[in-house]
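Reading the structure
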Amino acid sequence: MATLELKNLNKTYSPKVVPVKDISLTVDDNEFLTLLGPSGCGKSTTLRMIAGLEEVTRGHIILGNEDITFKRPGDRNMAMVFQSYALYPHMTVYENLASGLKLKKVPHGKIKQRVAEVAEILGLEELLQRKPGQLSGGQRQRVAVGRALVRNAQVYLLDEPLSNLDALLRERVRADIKQIFAAQQVPVVYVTHDQTEAMTLSTKVAVLNNGYVQQLDPPARIYNHPANLFVAGFVGSPQMNLLTLPCQGHHAILGGFQIPLPDIPTVPPQIVLGIRPEHVRIPQDRDTNIIKGRVFLVENLGMHNLVSVSIASQTEPLTVRALLPPEQNISNGEMTLALPHENIHWFDVESGDSLVRKSE
Ligand SMILES: Nc1ncnc2c1ncn2[C@@H]1O[C@H](COP(=O)(O)OP(=O)(O)OP(=O)(O)O)[C@@H](O)[C@H]1O
């Protein structure tokens, strides 16, 4: 089993289209890495370069001790699952699963055995004689994963494999994928723009924007310690409150309220305060950082209410959103909230970088 390494990987289509800029990362053989980012950030291009389907402009792809940057896709021993399933419509499920091995001239008996193993893992035994047109979306997706699995590849690459499924099915197949690949002990690279998939499946997430890796960390660290404003705003739903505030002395001024700044060498004229809606709460005994505002919207999300509160300020009004339990009685009008000190993130207004990289 081998580690996959990307070294300063670049892709340039034209001087103006440079979707991948200097991506460096490693994926060990027990790691599930997700490339997460908005549409057009370079996720699929990166994956396709790993697979050999896209030429590398600059940089290297290393598998184990071998530089495979210029190796033909067929010689890379990688298996890829595509968003579109890419199944052969005229073949049965069995034939679809077996086709890759047949091409490799694997003996018939071995093919039968391997297809049976994979069909069992994926619960496809009853469907082996059907054609893709006779399967549901989730079943087709499992066959697509199965086609990759039968290969016993050195690396698995998955490009938004769940995006054609409805929400319920997506949850089920997501759980299947997690279990199946956890047992494989090979590097897995998964592409998605869905943060829930990234957070639930991965051992490591690379958040991409505009071709650059913004943060490369385990999911919990991405969520609890976003490296910059992009990651803070992209990961988490409802989105983190991000407020640009003036500083005075050693405080940020939120409307009429003073929030103590963290320990930073120089106090800037302005700073961005970030706090997730689930961390904003109704004040308890020892809470500090108490603010007051006017409720102007309550959205019922089932498990919680998302409450939008407007805080009067000398410039434009600021909005703080709080995720509160439904038993909390909320009516339009004045409301007091606490912003617990330990849950506040601070970012530089200019660079967007986190000013305090906390340890885990
Ligand atoms: N063959 C190509 N020629 C020119 N530009 C391309 C080509 N393929 C992709 N691009 C551009 O490169 C950028 C990144 O594309 P890529 O498919 O990697 O994005 P992505 O992050 O996977 O997005 P999505 O989630 O929408 O699939 C986009 O701006 C896209 O238009």
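Residues numbered from 1 in each chain as written. Predicted model: local features only at pLDDT ≥ 70, side-chain atom pairs only at ≥ 80, totals over all residues.

**Some thoughts on the overall build of the protein chain**
Within the protein chain, the regular secondary structure consists of eight helices and 19 strands. Looking at the protein chain as a whole, 35% of its 360 residues are labelled buried. Taking the contacts inside the protein chain whose residues are at least 6 apart along the sequence as the reference set, 64% of them involve residues at least 24 apart. (Helix = DSSP H or I, 4+ residues; strand = E, 2+ residues; numbered from the N terminus. Buried ≥ 20, exposed ≤ 12 C-beta atoms within 10 Å, placed from the backbone. Contact = placed C-beta atoms within 7 Å.)

**Considerations on the nonpolar core**
Tyr156, Leu157, Val189, Val207 and Leu273 are the most contacted members of the largest nonpolar core, which totals 90 residues. When residues of this core are sorted by domain, at least three fall in each of domain 1 (4–234) and domain 2 (241–347). In this view, Val189 contacts Val27, Leu33, Leu35, Leu47, Ile50 and Leu157; residues no more than four positions away in its chain are not counted. (Core = buried A, V, L, I, M, F, W, Y, C linked by C-beta atoms within 7 Å. Domains from an automatic or database assignment.)

**Structural notes on the environment of Ala153**
As for its position among the elements, Ala153 is in the loop between α4 (137–149) and β7 (155–159). Judged by local crowding, Ala153 falls into the partly exposed class, with 18 C-beta atoms found within 10 Å. Put simply, Ala153 and Gln215 are 62 residues apart on the chain and 28 Å apart in space, counted from C-alpha to C-alpha. Excluding residues that lie within four positions of it along the chain, Ala153 makes contacts with Asn77, Met78, Ala79, Ala148 and Val186.

**Thoughts on the site of the ligand**
Taken together, the residues surrounding the ligand are Tyr13, Val17, Pro19, Gly37, Ser39, Gly40, Cys41, Gly42, Lys43, Ser44, Thr45 and His193. Each residue belonging to the shell around the ligand can be placed in one class, and the counts come to four nonpolar, seven polar and one charged. (Near = placed C-beta within 6 Å. Nonpolar A, V, L, I, M, F, W, Y, C, P; charged D, E, K, R; others polar.)

**Some points on the sheet that holds strand β15 (residues 290–300)**
What links the strands of a sheet is backbone hydrogen bonding, and the strands pair in either a parallel or an antiparallel sense. Taken in spatial order, the four strands of this open sheet run β17-β16-β15-β18, and their pairing is antiparallel. Each end of this open sheet is capped by a strand with a single partner; those strands are β17 (318–324) and β18 (333–338). Taking the axes of each pair of neighbouring strands and ignoring which way they run, one obtains an average angle of 45° across the sheet. (Pairing = 2+ DSSP bridges. Axes fitted to C-alpha atoms, helices over the stretch in contact; angles between N-to-C directions.)

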